[in-house]
Amino acid sequence: MPTEGPCYTIVFEDNTETPTVQELRSALEKGSDEDKLETLRKIIVATINGNSQPALLMSIIQYIMPSKNKQLKKLLHFYWEVCPKYDENGKLKQEMILVVNAIRNDLQHPNEYIRGATLRFLQKISREAELLEPLIPTLRANLEHRHSYVRRAAVFALQTVHREHPSLVPDAAELMQTFLAAESDASCKRNALVFLANVALPRAVEWLRGVWDGIVNMDEGLQMAVVEVARLDCARETTNRPKYIRAMFELLGATSHAVKYEAATTLTTLTQNGAAVKAAASCLVTLAIKESDNNVKLIVLDRLDALRERHRHILDGSIMDVLQVLSSADMEVRRKAMSIVLSMTSGRNAEDVVLFLKKQLLRTQEQEFDKASEYRQLLIQSIHVLAIRFSEVAASVVHALMDFLGDSNNPSALDVVAFVREVVEKFPALRPAITEKLTNTLMNMRSGKVFRGVLWILGEYMEELDAIEMVLGEIRKIIGEIPVLAAELREEEGIPQNDEQHDEGNFSGTGTGRPRVLADGTYATETAFSVTSTRTEFSKTTKPPLRALILGGDFFTGAVLAVALTKLVLRYDKLTNNRPKANSVRAEAMLTMTSIIRVGQSKLVTVPIDEDSNERIMGCIQTLSELNGCPEVNEIFLNDSRAAYARMLGAQEKCAADKKAAETIKENVIQVDDLLVFRQFSKKSVDETVDYLEDLGKATGAGEVLEDFISNLSRISQLTGFSDPIYAEAYVKMHGFDISLDVLLVNQTSNTLQNLCLDFATLGDLKLVERPTVHTIAPHGFQSIKATIKVSSTETGVIFGSILWDGPNLTECCVILNDIHIDIMDYIKPAYCSETQFRSMWTEFEWENRVNVSTKMTDTREYLKHVMQSTNMSCLTPEGAMSGDCDFLSANMYARSLFGEDALANLSIEKTETGAIAGHVRIRSKTQGIALSLGDRITMSQRDGKRSL
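As the structure is a prediction and not an experimental result, all values here were calculated from the model.

### Comments concerning the overall build of the protein
Along the protein, the regular secondary structure elements total 37 helices and 18 strands. The long-range share in the protein, meaning contacts at least 24 apart out of those at least 6 apart in sequence, stands at 65%.

This is the structure:
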């Protein structure tokens, strides 16, 4: 009798119309084949769910077993698999003799399908030695059947029986070797070789030595078995390693992709020779290009990446082949291939890689295909990384990328701006050409974010007099006629605009007067000083790009324009000796800034100007009005901004270098006094294989999960009181997507508790996998019950329930259990994303939970660390951005759940005059549950922090 019964999946059983045993017996006896099929299905479902109905066993043997219906025979195999085969004393039931006889007849049936199905069924009952022993001779006889389907199934049936009970097939090795020598069918050979390799590896190797030359022409399945034999044999000391290496080389050219992949993987484990590594890498790259399944592509690329990490410089020559993987339409495949390319790029091949990426970039512009914008953004980011890493290619790509500043895909244009800004800072020799190109492309830009980035670059790095004049001229074109408000009012009223032209270097304007009605009813004349636009081709419906943004309410861009104009005027004033010209430029800049404020305060725009932008522009006007009165402010405008950006780049480079250094340092997980185990000195049987992955896991400590006793105690929840008849406590443990409950029950009474049932229920996205069975607990006895709960999302879940049992006089007794609250922090892990991805998700996610800050902490950074620790979120804001003494702090945080849910948070706090911290935390997610759960977590941590203080 087996010590432990098999485990089956619970199948839903409709209990609304439960037939009686007599009705089921009648249906088995008198029903048609369809009725018998339905009845047998009901019996199987009831047996799986715990109602075995042993009274029907004889009826099934009598009325179902003799049937020739193939569906009934197949269903009967399911029943023999799940039905109880032993009596209460652990002995085989007498009825099973009839079942064994019927199975023997099926194994000798003339129909090969019935034989094959029966042989496959024997693998399901391989633990029942008493049932299998009389069937072994018939099972061995099927190895000589004329049909390959039967022989193939017989080999696997014998393998399963031998694995569970080797004494039933003592000569399995000799039997399979003889069978393999005489067999002609490829699939049967494959099964026999796998069996022989697991039973007697030297015999499998001996057979393989006789067919070395024919491995290339073998069937796919047999070739896979050969690869497995080679891997197993090379795990021990063998003289056949050179032959295996040659065979793997030959299998790299096989027609099957699966064989190619296994051969390439095995080849790199057999030898570290450079030629072999290159051949394996070339095979993997070919698979990644030709394979149609994207999941397979990702697996192959992962293997190629692992190969690259071990053999860095050997694979540099294959980088152009890896670039061909970018032809795939799947973005995940492209990202993975691009990461491999970036890690393989060196100074020798940087120009070729960048040239290929530039061609791909032009292709995305010339041809429209699915996800072209995402692919273009990926290419721009990759070129950015390569240009910064290899300065010699920066000049060749920066001008090509600047053509995408007017791209309708805003993220791509922003990536170009970030790239140009970094290149201009790090490579001073390229500044004149880049700034000139940016100046000429101002009219093609449409996005406010792009304008802000470009205006900052032009304001910081324009250092020549002629270049500043050219930029100011282009700004006049993109802003249009000023003052903006007067020109727009004239356009609305249909008054023709002044067509006078003025040179870019000269500041000319006209005063226009017109009568106006004042609030008291009197008349007055309004005079406005205006500058005519240098562009006359704009009609009433087409406005210059920057003018359209300002009229649309984008005053943040207007504030950035004011700062850029201030920097340009300050630098122009230092460089020129022509005071009238300098005064003219300064007056025009101040007029432009004033015009932006007037537009923002008028009813011409739907959104009024915000206070921050208004204050910023007014500060710029004041700086220009007091041009030489405050040199400290001029220094801030001209030098401090660029110095801050240089420090930010330096901090990013330092962070990247530290991260790379941390990856190269391996943690010492083995203590100095641990014993050393030498595999060569250990005693192993000839047939026992060595698992290198298992040894590697033991050596690094990855296979050992050390649990802290204190942390285990913290996971124990008390379910009942000490004075209750039953004391219950549960140990809650997380296993990925499952929650395991190990409940300990203690009978605190002097009575035997019969039919005791532990009933659980759940709230939230929790689902009870199986209900615990009924138990009987002796007086003052113990009982351990396990329950498994499936988790499907990151929401706060609650487990509650009760304990029921039969008391004296068959009265039902009950104890209500305390609730178990599931901590979602076990499913949330810190993660990282770029600023662009954060902003994109912040705009996309619709669920927001705002939590007000209420704490006794006085340090803003300490509170940030407290929130990060309580929510398992990582801080995306660089440390350099939060450095220095300041009374306010703003930081972005990000985390990701095991279910793929993204959680974003923004912390905005300030220190009040009393020293307390005030502000809020905004949490956004795609689903409501995770936003509410994280908000509750922050609120609870604040409450606990107050108590501790």
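### With respect to the nonpolar core
Counting residues in each nonpolar core, the largest one holds 206 residues, and the members touching the most others are Trp80, Leu122, Met176, Leu357 and Val420. Broken down by element, this core gets its largest block of residues, twelve residues, from helix α29 (residues 555-575). By size, the runner-up hydrophobic cluster in this structure holds 29 residues, among which are Ala730, Met734, Ile789 and Tyr827.

### Some remarks on the packing of aromatic side chains
Following the criterion strictly, the structure yields five aromatic pairs and no others. Ring geometry for Phe838 and Trp842: centres 5.8 Å apart, planes at 20 degrees, overall stacked. Note that Phe838 and Trp842 are positioned in helix α35 (residues 835-844) at a spacing of four residues, about one turn of the helix. Under the relative-accessibility criterion, Phe838 is labelled buried at 6%. Following the ring pairs from residue to residue traces out a cluster consisting of Trp456, Tyr461 and Tyr645.

### Re the pairing of strand β10 (residues 798-806)
Across eight bridges, strand β6 (residues 753-763) lies against β10 in antiparallel orientation. Paired with Cys757 across the two strands is Leu804, which belongs to β10. The sheet contact formed by β10 and strand β12 (residues 820-821) spans two bridges and is antiparallel. By the bridge assignment for β12, Ile799 is matched with Ile820. One ladder, built from five bridges, connects β10 with strand β11 (residues 812-816); its direction is antiparallel. Residue pairing in the sheet places Ile803 in a bridge with Val815 of β11. Linkage of β10 to β11, two consecutive antiparallel strands, is achieved through a turn of five residues, within which Asn809 is found at a positive phi near 60 degrees.

### Description of the sheet that holds strand β7 (residues 766-768)
Taken together, five strands build an open sheet; the order of strands is β3-β4-β5-β9-β7 and the sheet is antiparallel. Both outer strands of the open sheet, β3 (716-718) and β7, are each paired with one neighbouring strand and no more. Sheet twist, expressed as the mean angle between neighbouring strand axes with direction ignored, is 30 degrees. Direction of pairing for strand β4 (residues 726-735) relative to strand β5 (residues 738-747): antiparallel, over a ladder of ten bridges. Across the sheet, the residue bridging to Met734 is Ile739, located in β5.

### Concerning the packing of helix α21 (residues 372-389) against helix α22 (residues 394-402)
Two numbers describe how α21 lies on α22: the axes approach to 10 Å, and their chain directions differ by 150 degrees. On the basis of the axis angle, α21 is roughly antiparallel to α22. Crossing angle aside, the handedness with which α21 passes α22 is left-handed. Contacts between α21 and α22 involve Ile380, Ile383 and Ala387 from the former and Ala394, Val397 and Leu401 from the latter. Class assignment of the residues belonging to the contact of α21 with α22 gives a composition of six nonpolar, no polar and no charged.

### So, the pattern of salt bridges
In total, this model carries 32 salt bridges according to the counting rule given. Note that Lys581 and Glu469 form a salt bridge whose closest N and O atoms lie 3.3 Å from each other. Residue Lys581 is located in helix α30 (residues 579-601), and its partner Glu469 is located in helix α26 (residues 465-479); the two are separated by 112 residues in the primary sequence. For Lys581, a relative accessible area of 18% puts it in the buried group. A relative accessible area of 28% places Glu469 in the partly exposed class. Connected through shared salt-bridge partners, Asp302, Asp305, Arg308, Glu309 and Lys336 make up one network.

### Re a negative patch on the surface
On the surface, Asp610, Glu611, Asp612 and Glu615 cluster together into a patch of negative charge. Along the chain, Asp612 falls in helix α31 (residues 611-625).

### Some details on unusual backbone geometry
In the segment running from Ile482 into Pro483, the intervening peptide bond is cis, with an omega of 0 degrees. Here Pro483 shows up in the loop between α26 and α27 (484-493). In the Ramachandran plot, His780 falls in the positive-phi region, its phi being about 55 degrees despite a non-glycine side chain. With respect to the helices and strands, the residue His780 is situated in the loop between β8 (775-777) and β9 (782-791). Even without a glycine there, the phi angle at Asn872 is positive, about 60 degrees. Here Asn872 is to be found in the loop between α36 (860-871) and β15 (874-875).

### Describing the side chain of Asn906
Structurally, Asn906 can be placed in strand β17 (residues 902-911). The class for Asn906 is buried, based on a relative accessible area of 12%. Side-chain polar atoms of Asn906 contact the side chain of Asn892, separated by 2.9 Å. Non-local contacts of Asn906, meaning those with residues more than four positions away in its chain, are made with Trp842, Ser890, Ala891, Asn892, His920, Val921 and Arg922.

### Examining the environment of Ala154
Here Ala154 shows up in helix α9 (residues 148-164). Under the relative-accessibility criterion, Ala154 is labelled buried at 0%. For Ala154 and Leu119, which are 35 residues apart along the polypeptide, the C-alpha to C-alpha distance reads 6.0 Å. Beyond its immediate chain neighbours, meaning those up to four positions away, Ala154 contacts Leu119, Leu139, Asn142 and Leu143.

### Thoughts on the environment of Phe179
Tracing the backbone through its elements, the reader meets Phe179 in helix α10 (residues 172-182). Judged by relative accessible area, which is 8%, Phe179 ranks as buried. Separated by 24 residues in sequence, Phe179 and Val155 have C-alpha atoms that sit 9.4 Å apart. Those residues within four positions of Phe179 in sequence are excluded, and the remaining contacts are Leu143, Arg151, Val155, Cys188 and Ala192.

### Quick word on the environment of Trp80
Relative to the helices and strands, Trp80 resides in helix α4 (residues 70-82). Trp80 sits 44 residues away from Lys124 along the chain, and the two C-alpha atoms are 9.5 Å apart. What Trp80 contacts, discounting residues up to four positions off in sequence, is Leu57, Ile60, Ile61, Met65, Lys85, Met96, Val99, Phe121 and Ile125.

### Brief notes about helix α11 (residues 186-199)
For α11, which comprises 14 residues, the first-to-last C-alpha distance of 20 Å matches the rise-based estimate of 20 Å (1.5 Å per residue) to within 8%. Taken together, the buried positions of α11 are occupied by Cys188, Asn191, Ala192, Leu193, Phe195, Leu196, Ala197 and Val199. Against the buried residues of α11 lie α9, α10, α12 (201-209) and α13 (220-233).

### Here we look at helix α5 (residues 95-107)
Given a rise of 1.5 Å per residue, 13 residues ought to cover 18 Å, and the 19 Å separating the end C-alpha atoms of α5 matches this to within 8%. Buried within α5 are the following residues: Met96, Val99, Val100, Ala102, Ile103, Asp106 and Leu107. In an axial view of α5, the angular spread of the buried residues amounts to 160 degrees, which keeps them on one side of the axis. Next to the buried residues of α5 lie α3 (57-63), α4, α6 (112-124), α7 (129-132) and α8 (136-141).

### Structural notes on the side chain of Lys567
By secondary structure assignment, the location of Lys567 is in helix α29. Judged by relative accessible area, which is 5%, Lys567 ranks as buried. Not counting the four nearest positions on each side in its chain, Lys567 is found in contact with Trp456, Gly459, Glu460, Phe637, Leu638 and Ser641.

### Quick notes on the packing of helix α24 (residues 431-440) against helix α25 (residues 448-461)
Running from N to C, α24 and α25 cross one another at 135 degrees; their axes reach a closest spacing of 10 Å. For the element pair α24 / α25, the angle class is oblique. The chirality of how α24 crosses α25 is left-handed. In this structure, α24 contributes Arg431, Thr435, Leu438 and Thr439 to the contact, and α25 contributes Val454, Ile457, Leu458 and Tyr461. In the contact of α24 with α25, the residues fall into five nonpolar, two polar and one charged.

### Some remarks on the confidence of the model for the protein
Here the protein shows a mean pLDDT of 80. Residues at 70 or above account for 85%. Confidence over residues 498-513 falls short of pLDDT 50; this stretch has 38 contacts with residues more than four positions distant or in other chains. Counting contacts from residues 517-524, a segment whose pLDDT is below 50, to residues more than four positions away or on other chains yields eight contacts.

The rules behind each value
- Residues numbered from 1 in each chain as written.
- Predicted model: local features only at pLDDT ≥ 70, side-chain atom pairs only at ≥ 80, totals over all residues.
- Heavy atoms only, no water.
- Helix = DSSP H or I, 4+ residues; strand = E, 2+ residues; numbered from the N terminus.
- Contact = heavy atoms within 4.5 Å.
- Core = buried A, V, L, I, M, F, W, Y, C linked by side-chain atoms within 4.5 Å.
- Buried < 20%, exposed > 50% of the residue type's maximum accessible area, 1.4 Å probe, protein only.
- Phe/Tyr/Trp six-rings, centres within 6.5 Å; stacked < 30°, edge-to-face > 60°.
- Pairing = 2+ DSSP bridges.
- Axes fitted to C-alpha atoms, helices over the stretch in contact; angles between N-to-C directions.
- Parallel < 35°, antiparallel > 145°, perpendicular 65-115°, else oblique.
- Left-handed = near helix turned anticlockwise from the far one by under 90°.
- Nonpolar A, V, L, I, M, F, W, Y, C, P; charged D, E, K, R; others polar.
- Salt bridge = Lys/Arg side-chain N within 4 Å of Asp/Glu carboxyl O.
- Patch = residues over 30% accessible without salt bridge, like charges linked within 9 Å, V, L, I, M, F, W, Y side chains within 5 Å.
- Areas by Shrake-Rupley, 256 points an atom, 1.4 Å probe, with all protein chains shown as cover.
- Lys, Arg positive; Asp, Glu negative; His and termini not counted.
- Charge placed at Lys NZ, Arg CZ, Asp CG, Glu CD.
- Polar contact = N/O pair within 3.5 Å; in protein donor to acceptor, adjacent residues only side chain to side chain.
- Expected span 1.5 Å × (residues − 1).
- Arc of directions from axis to C-beta.
- pLDDT = per-residue confidence, 0-100.

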